Amino acid sequence: MGDGGVGLPSVVLIHGILTWGDDEQYGFAAQRPLADRHRLLVMDRRGYGRSPDIAHSDWSVDAEDIVGFLGTGAPLVGHAYDGVSAMAAAVRRPDLVRSLTLIQPGALRPAERHPVVAEALARARAATAALPADLTPQEFLTAATASVGMATPEPTPARLRAAAASMAERPCWDADIPLGPLAEAPFPTPVSR
């Protein structure tokens, strides 16, 4: 993002569902002013934005892609679904992560012993299992945003493509990310809810 930021320190930004890296509404477009001081590497996950189509998205595969984006090391920011991928990348290569910022990470399984988290995990699993096989990307977009009290965005071709990719993702809430290595890692880890 920006003019390439040659010679500037890199920051890797990874988007969540229903969006893509430089999306004005849900992506990281608002971070453009940071390009004056940093080389912003804003990844379009597989099946999103300018990345090629795929049949199935997976947080674990995204984690490998993220490791590749880290180069020799960079701060890492992951939002929602890819907060989980960012966590997995940081566990795999903590030596490349200068800081780990997680914005609403969808990792529920590591805390499933807590009753509130166990209930949320059960609801997420049930909701996914109950999705109709003939659900359209438009219906998914509407349901996904309405379920969390958000206004449904305009169903542009890019947004519907992102919705279709989101529908084909391996659920992130069941990711069994080991938290011990993250707690022991030498980098700072801010978390936003």
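Predicted, not measured: the structure shown is a model, and the values here were computed from it.

**Student:** Looking at this model, I keep getting lost on the pairing of strand S2 (residues 39–43). Mind explaining?
**Tutor:** With four of five residues buried, S2 is to be regarded as a mostly interior element. Two elements, strand S1 (residues 10–14) and S2, share five bridges in a ladder whose sense is parallel. Paired with Leu13 across the two strands is Val42, which belongs to S2.

**Student:** Help me understand the packing of helix H4 (residues 137–146) against helix H5 (residues 157–167), please; the structure alone is not making it clear to me.
**Tutor:** A packed helix pair is summarised by two numbers, namely the angle formed by the two axes and the spacing between the axes. One can describe the packing of H4 onto H5 by two numbers: an axis separation of 8 Å at closest approach and a directional angle of 80°. With respect to H5, the axis of H4 lies roughly perpendicular. Where H4 abuts H5, its residues Pro137, Gln138, Phe140 and Leu141 lie against Arg159, Leu160, Ala163, Ala164, Ser166 and Met167. Its residues assigned to classes, the contact of H4 with H5 shows seven nonpolar, two polar and one charged.

**Student:** Got a minute to help me understand unusual backbone geometry in this structure?
**Tutor:** Most peptide bonds take the trans form, and the phi angle of most residues other than glycine is negative. Non-glycine residue Leu18 carries a positive phi angle of around 65°. Of note, the phi angle at Ala80 is positive, near 55°, even though the residue is not glycine. One can find Ala80 in the loop between strand S3 (74–79) and helix H2 (81–92).

**Student:** For this particular structure, what's the right way to read the side chain of Asp58?
**Tutor:** The topology assignment puts Asp58 in the loop between S2 and helix H1 (59–69). Among the residues examined, Asp58 registers a relative accessible area of 14% and is labelled buried. With residues up to four places along the chain from it excluded, the contact list for Asp58 reads Tyr81 and Arg170.

**Student:** Can you walk me through the nonpolar core in this structure?
**Tutor:** In summary, soluble globular proteins display a tendency toward joint burial of nonpolar side chains. Ranked by internal contacts, the top residues of the largest apolar core, which has 28 residues, are Trp59, Leu70, Leu76, Leu100 and Ile177. Mapped by element, the contributors of at least two residues to this core are S1, S2, H1, S3, H2 and strand S4 (97–103). Within the second largest apolar cluster, seven residues are counted, among which are Leu13, Ala35, Leu40 and Val77.

**Student:** I tried to follow H2 on my own but got confused; where do I start?
**Tutor:** Side chains of residues three or four places apart in an α-helix project in the same direction, reflecting 3.6 residues per turn. The terminal C-alpha atoms of H2, which comprises 12 residues, lie 17 Å apart, in line with the 16 Å expected from a rise of 1.5 Å per residue. Of all 12 residues making up H2, 10 are buried, and the element is well covered by its neighbours. Every buried residue of H2 is accounted for by Tyr81, Asp82, Gly83, Val84, Ser85, Ala86, Met87, Ala88, Ala89 and Ala90. Lining the buried residues of H2 we find S1, H1, S3, S4 and helix H6 (179–184).

**Student:** Sorry, what's going on with the environment of Ser51 here?
**Tutor:** Relative to the elements of secondary structure, Ser51 occurs in the loop between S2 and H1. Taking the relative accessible area as the measure of exposure, Ser51 reaches 16% and is therefore buried. Here Ser51 is in contact with Asp44, Arg45, Arg46 and Arg161, once residues within four sequence places are set aside. A distance of 2.5 Å separates a polar atom in the side chain of Ser51 from the backbone oxygen of Asp44.

**Student:** How should I be thinking about the environment of Ala165 in this particular structure?
**Tutor:** In this structure, Ala165 sits in helix H5. Each C-alpha atom of the pair Ala165 and Arg45 lies 9.6 Å from the other, and the pair is 120 residues apart in sequence. Apart from the residues within four sequence positions on either side, Ala165 is in contact with Gly47, Tyr48 and Ser57.

**Student:** In this structure, what is going on with the pattern of salt bridges? I would like to understand it.
**Tutor:** Taken as a whole and judged by the stated rule, the model has 15 salt bridges. Across the salt bridge formed by Asp22 and Arg32, the nearest N and O atoms sit 4.0 Å from each other. Taken together, the positions of Asp22 in the loop between S1 and S2 and Arg32 in the loop between S1 and S2 put the pair 10 residues apart, joining distant regions of the chain. Two residues, Arg50 and Asp22, come together in a salt bridge whose shortest N-O distance is 3.3 Å. On the criterion of sequence distance, the pair formed by Arg50 in the loop between S2 and H1 and Asp22 in the loop between S1 and S2 is long-range, its members being 28 residues apart. Take Arg50: its relative accessible area is 65%, and that puts it in the exposed class. It is possible to trace a salt-bridge network through shared partners that takes in Asp22, Glu24, Arg32 and Arg50.

The rules behind each value
- Residues numbered from 1 in each chain as written.
- Predicted model: local features only at pLDDT ≥ 70, side-chain atom pairs only at ≥ 80, totals over all residues.
- Heavy atoms only, no water.
- Buried < 20%, exposed > 50% of the residue type's maximum accessible area, 1.4 Å probe, protein only.
- Helix = DSSP H or I, 4+ residues; strand = E, 2+ residues; numbered from the N terminus.
- Pairing = 2+ DSSP bridges.
- Axes fitted to C-alpha atoms, helices over the stretch in contact; angles between N-to-C directions.
- Parallel < 35°, antiparallel > 145°, perpendicular 65-115°, else oblique.
- Contact = heavy atoms within 4.5 Å.
- Nonpolar A, V, L, I, M, F, W, Y, C, P; charged D, E, K, R; others polar.
- Core = buried A, V, L, I, M, F, W, Y, C linked by side-chain atoms within 4.5 Å.
- Expected span 1.5 Å × (residues − 1).
- Polar contact = N/O pair within 3.5 Å; in protein donor to acceptor, adjacent residues only side chain to side chain.
- Salt bridge = Lys/Arg side-chain N within 4 Å of Asp/Glu carboxyl O.

Geometric descriptors of this kind do not, in isolation, establish any biological role.
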